[in-house]
Amino acid sequence: MAVEEVTRRWALFTTTSLATIFITFGGLRLLLIKCSANKDGKFDYLPVTVNLCAEMIKLLVCSIMAVNVVRKGSEQLTICVSWRDVLRLFKWSVPGLLYFLDNLITFYVVASFEPAMVVLLNNFAIISTAVLFRLILKRKLVKLQWASLVILFLAIMCLSRQANVTHSSSDGKLMHHNKQGQNNDSQQSSPTIKCNVQPGDYCSSDGLPICSTKIIQLPSWRYKLSLLGQYEGHCWVLLQCFLSSMANIYNEKIFKEGHGMEDSIYIQNTKLYLFGVFFNLSSIVFIDKYWERVTKCGLFHGYNEFSCLLIFVNAFMGLTVALILKFRDNMFHVLSAQILTVVVITLSVLLMGFKPSLEFFLQAPIVLLAIYIYNNSKDTETQSNDNLLVT
């Protein structure tokens, strides 16, 4: 009996510790991304370089631990000598690619909204996870869960509209620029940008090579797409939620499938982060504007104290998520994210001057209530069905 009590307390301690670490790093990550931006809300550094450095740190930590595990003889190192071994290795490229896109899109999402709005809008991941669970893992949802998902979707849409209004009204320069563009529409078919800098200066505040002093004519198709700019942040949120859900579901699957639970998490993570480094490094090498920026300005151009700290926060948060998916599950990750929502909103109000509107106070509890109903409805309906069978 004493052994069972110790085991129960140890399980409670590890669960609480994982949730606390995830919430801490998750909140710091969003706040650091926001603080590392310049006054215009853009980044003086290349966000992909932050992710590359974080992946390299994770790969280094897990590689050292994996070598230690192999040296102790508790695990054998498998060398790819056949096509089957190569295919087994490349299955880790799927979550590696998904996490690469997810981590990069996070910067664009945070640049579009306040951190408090980001964590609320990211609750759309619950809907995407439920849909993917149903389509991929064939898990059924009860009627009350579907109803709570509909309520959650409508509440998030209302919040996103409110976030769009707040973001647009706070960006006076952008509104003024748009008015000037509308006044000049009768004189030119598409807008122009004038670069008043000296030739040879390649390090701009938005991370792109600066042109020489001349007038650049933007393509008409790009100007038309810019009319949808007010919804760009919402598109990034939706895309990120689906990518994050797919990455976590697939990663948990390969962590645990077959004899996955018997394999060392350090060896598994080494394979995963190897592809993470590959995709981040490939984007720098094969995307011309990234490569030109790095070669002319350096890998760490535009960094400040917040972006440097962000590298380590990203790294340790990724390691924490891997532990959650290995020894807990996606549902634990989703529930921890709800506590993160409350924490980030509180920190945004206290530290970042976020002033919630009346609509925010009315709609945010609806989101949290819908999530609560979704997480508890299955047990409630199962218990009701059992009572009916008994009677």
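Values in this document were obtained by computation on a predicted structure and should not be read as measured data.

A count of helical and extended segments in the protein gives 15 helices and two strands. Within the protein, the proportion of its 391 residues that are buried is 41%. The long-range share in the protein, meaning contacts at least 24 apart out of those at least 6 apart in sequence, stands at 85%. Surface summary for the protein: the accessible area is close to 22400 Å², and the carbon and sulfur share equals 65%.

Counting residues in each nonpolar core, the largest one holds 81 residues, and the members touching the most others are Leu152, Phe360 and Val367. In this structure, phenylalanine 360 is in contact with Met117, Leu120, Leu159, Ile345, Phe354 and Pro365, ignoring residues within four places of it in sequence.

Turning our eyes to something else, we now look at helix α6 (residues 124-136). Because an α-helix packs 3.6 residues into every turn, residues spaced three or four apart end up facing the same way. Compared with the 18 Å implied by 1.5 Å per residue over 13 residues, the 18 Å span of α6 between its first and last C-alpha is a close match. Those residues of α6 that fall on the buried side of the exposure criterion are Phe124, Ala125, Ile126, Ile127, Ser128, Thr129, Ala130, Leu132 and Phe133. Immediately downstream of α6, the backbone of lysine 138 shows phi near 60°, a positive value.

Turning our eyes to something else, we now look at the pattern of salt bridges. Side chains that carry opposite charge are capable of pairing whenever their charged atoms lie near each other. One pass over the structure, following the stated rule, counts four salt bridges. With a shortest N-O distance of 3.1 Å, glutamate 257 and lysine 253 are connected by a salt bridge. Here the salt bridges do not stand alone but share partners, grouping Lys91, Lys253 and Glu257 into one network.

Here the protein averages 78 in pLDDT, while 75% of its residues score no lower than 70. Scored below 50 in pLDDT, residues 205-227 shows 50 contacts in the model against residues more than four places distant or in partner chains. With pLDDT under 50 throughout, residues 384-391 is counted as low confidence; its partners more than four residues away or in other chains account for zero contacts.

Counting across every chain of the model gives 14 aromatic pairs. Between tyrosine 108 and tryptophan 236, the aromatic rings sit 5.2 Å apart at their centres with planes inclined by 25°, giving stacked as the arrangement. With tyrosine 108 in helix α4 (residues 93-112) and tryptophan 236 in helix α10 (residues 232-256), this pair connects stretches of sequence that are 128 residues apart. Given the relative accessible area of 24%, tryptophan 236 is considered partly exposed. What links up through ring pairs into an aromatic cluster is the set Phe43, Tyr45, Phe107, Phe300 and Tyr303.

Quick look at the environment of valine 70 now. Following the sequence through the fold, valine 70 ends up in helix α2 (residues 47-72). Note: C-alpha distance between valine 70 and serine 264 (194 residues apart in sequence) is 9.5 Å.

Attention shifts here to the side chain of serine 148. Note on placement: serine 148 falls in helix α7 (residues 143-170). A relative accessible area of 2% means that serine 148 is categorised as buried. Filtering out sequence-adjacent residues up to four positions away, serine 148 remains in contact with Ala370, Ile373 and Tyr374.

Looking now at the packing of α6 against α10. The N-to-C vectors of α6 and α10 enclose an angle of 50°; their axes lie 8 Å apart at closest approach. Between α6 and α10, the angle falls in the class oblique. As α6 runs across α10, the sense of the crossing is right-handed. Only Leu238, Cys241, Phe242, Ser245, Met246 and Ile249 of α10 make contact with α6, whose side of the interface consists of Phe124, Ala125, Ser128, Thr129, Leu132 and Phe133. Of the residues assigned to the contact of α6 with α10, the class counts are nine nonpolar, three polar and no charged.

Under the definition given, this model contains zero disulfides. The cysteine cysteine 53 is free of any disulfide, with cysteine 308 supplying the nearest cysteine sulfur at 9.0 Å. A residue is classified by how much of its surface remains accessible, and cysteine 53, at 12% relative accessible area, is buried.

In this section: the environment of tryptophan 146. With respect to the helices, strands and loops of the structure, tryptophan 146 is situated in helix α7. A residue is classified by how much of its surface remains accessible, and tryptophan 146, at 37% relative accessible area, is partly exposed.

Criteria and thresholds
- Residues numbered from 1 in each chain as written.
- Predicted model: local features only at pLDDT ≥ 70, side-chain atom pairs only at ≥ 80, totals over all residues.
- Heavy atoms only, no water.
- Helix = DSSP H or I, 4+ residues; strand = E, 2+ residues; numbered from the N terminus.
- Buried < 20%, exposed > 50% of the residue type's maximum accessible area, 1.4 Å probe, protein only.
- Contact = heavy atoms within 4.5 Å.
- Areas by Shrake-Rupley, 256 points an atom, 1.4 Å probe, with all protein chains shown as cover.
- Core = buried A, V, L, I, M, F, W, Y, C linked by side-chain atoms within 4.5 Å.
- Expected span 1.5 Å × (residues − 1).
- Salt bridge = Lys/Arg side-chain N within 4 Å of Asp/Glu carboxyl O.
- pLDDT = per-residue confidence, 0-100.
- Phe/Tyr/Trp six-rings, centres within 6.5 Å; stacked < 30°, edge-to-face > 60°.
- Axes fitted to C-alpha atoms, helices over the stretch in contact; angles between N-to-C directions.
- Parallel < 35°, antiparallel > 145°, perpendicular 65-115°, else oblique.
- Left-handed = near helix turned anticlockwise from the far one by under 90°.
- Nonpolar A, V, L, I, M, F, W, Y, C, P; charged D, E, K, R; others polar.
- Disulfide = S-S within 2.5 Å.

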